[in-house]
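# Architecture and fold: a report
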Amino acid sequence: KPKTKRAKRFLEKREPKLKENTKNAMLIKGGNANLTVTEVLKDIYAVKKPFAVLYKKKNITRPFEDQTSLEFFSKKSDCSLFLFGSHNKKRPNNLIIGRMFDYHVLDMIELGIEKFVSLKDVKNSKCPEGTKPMLIFAGDMFDVNEEYRRLKSLLIDFFRGPSVPSIRLAGLEYVLHFTAVDGKIYMRSYKVLLKKSGCKIPRIELEEMGPSLDLVMRRTHLASDDLYKLSLKQPKALKPKKKKNISHDVFGTTYGRIHMQKQDLAKLQTRKMKGLKKRPAEKSAEDGGVSPKKSKSA
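Conventions used here
For every chain, the first residue of the written sequence is number 1, and numbering continues from 1 along that sequence. Since the coordinates come from a predicted model, pLDDT governs what is reported: local features require at least 70, and pairs of side-chain atoms require 80 or more to be given and counted, while whole-chain, interface and lining totals use all residues. As a rule here, side-chain values cover all heavy atoms of the structure and leave hydrogens and water aside. Throughout this description, the term salt bridge denotes a Lys or Arg side-chain nitrogen within 4 Å of a carboxyl oxygen of Asp or Glu. A run of H or I in DSSP becomes a helix once it reaches four residues, and a run of E becomes a strand once it reaches two; helices and strands are each numbered from the N terminus. Partly exposed residues are those whose accessible area sits between 20% and 50% of the maximum for their type, while under 20% is buried and over 50% is exposed, using a 1.4 Å probe and protein chains only. The term polar contact refers here to a pair of N or O atoms within 3.5 Å; inside protein, the definition further demands a hydrogen-donor-capable atom paired with an acceptor-capable atom, and it admits residues adjacent in sequence only when both atoms are side-chain atoms. Put simply, the grid is 1 Å and covers the protein atoms alone, a cavity is a trapped set of points that fit a 1.4 Å probe, a pocket is an open set with protein on both sides within 12 Å along at least five of seven lines, and lining residues have an atom within 4 Å of a point. Grid points are joined across faces, edges and corners, and a volume is the space filled by probe spheres set on the points. Side-chain classes are defined by residue name, with Ala, Val, Leu, Ile, Met, Phe, Trp, Tyr, Cys and Pro counting as nonpolar, Asp, Glu, Lys and Arg as charged, and the others, Gly among them, as polar. The pLDDT score gives, residue by residue, the confidence of the prediction method on a 0 to 100 scale. For this analysis, residues touch if any pair of their heavy atoms sits within 4.5 Å. Pairing between strands is defined by DSSP: at least two bridges between the two strands are required.

### Remarks on the pattern of salt bridges
- Inspection of the entire model under this criterion finds 14 salt bridges.
- Across the pair R219 and E110 runs a salt bridge, and its minimum N-O distance is 3.0 Å. Of this pair, R219 sits in strand β10 (residues 212-221) while E110 sits in strand β5 (residues 104-117); the two residues are 109 residues apart in sequence, bridging distant segments of the chain.
- Of the residues examined, R219 reaches a relative accessible area of 26% and is grouped as partly exposed.

This is the structure we're talking about:
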């Protein structure tokens, strides 16, 4: 139980919510990370800011053998995504990307860096910090292979950024392109330039911005189908309520069915006009009585 109000607020922020906060990522450097891996982590941190935490000290851990240290860091920094970089003779320039569910490792995929171009190497103007990227995936492998399909889901989770209610055209200025071909994954990042076209719609040009990576898939640790379904489960309050007696046709027209009680049209109130007023004789005929007027004597 929290002893202070500050601790209480801290715990309330971490409680489960109907609409979760934007996922944070932690970038961890392994015990034997070289310069290439360190630069990759720094560049991805620059792309991911402010929803990222970069650990500058080396951490001697092996995620595929022991996951307890990752789970500890996840709980400490409240991060559900992680990127771990390491380097050794057996697996040079190694990256492990993964995500957590309830502070336990859900998915984890190991990627090897074959070629790397950093942000500093490309001498162009950069996007401002916190820009939400547009994600493009090219290649049949992302739809056919189960491991590549899970990697696509993981990359979307990692780079998607905050959910926004509306988008403005000038805000679409950053593109992340992933291509899967011949057993390799090519990551490229571009800045979108809006040029004059002489009409309402601008002419779009892409300028390479960095970082760019040539990756190859190594080991995978994927969650079971039951655990994966459990992680996707939504609370009942978020599910849209089913609307009864409403149907749509092929053209998108909405039809509604209304249930009403049987109406007595004899008692229906019409517009009050002198011409529609009932005479006393008609009223007495309806009541079944005798006319109140006296008959004239002969």
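Once you've had a look at it, read on.
### So, the environment of N88
- Considering the arrangement of structural elements, one finds N88 in the loop between β3 (81-86) and β4 (94-101).
- The exposure class assigned to N88 is partly exposed, which follows from its relative accessible area of 32%.
- Taking the C-alpha atoms as reference, N88 lies 7.0 Å from N32; in sequence the two are 56 residues apart.
- A polar contact of 3.3 Å, which involves the side chain of N88, links it to the backbone nitrogen of K90.
- Looking at N88, its side chain comes within polar contact range of the main-chain nitrogen of R91, at 2.5 Å.

### Details of the layout of surface pockets
- Considering only enclosed or pocket space, the largest pocket measures out at about 1,700 Å³ in volume.
- Contributing to the lining of the largest pocket are 40 residues, with E20, N21, K23, S80 and S231 lying nearest its centre.
- A breakdown of the residues in the lining of the largest pocket according to their chemical character gives 15 nonpolar, 10 polar and 15 charged.

### Quick word on the confidence of the model for the chain
- Considering every residue of the chain, the mean pLDDT works out to 86; 96% of them sit at 70 or more.
- Looking across the chain, the model is least confident in helix α7 (residues 280-287), with a mean pLDDT of 76, and most confident in strand β6 (residues 134-138), with 93.

### Observations concerning the side chain of N94
- Along the chain, N94 falls in strand β4.
- Overall, N94 belongs to the buried group, its relative accessible area being 3%.
- Within the structure, the side chain of N94 is placed 2.9 Å from the side chain of R218, a separation counted as a polar contact.
- Setting aside chain neighbours within four positions, we find N94 in contact with V37, F84, G85, S86, E110, L111 and R218.

### Structural notes on the pairing of β5
- When β4 meets β5, the two strands line up antiparallel, connected through 8 bridges. From the neighbouring strand, G98 faces β5, where its bridge partner is M108.
- Count of turn residues in the β4/β5 antiparallel hairpin: 2 residues, of which D102 carries a positive phi of about 60 degrees.

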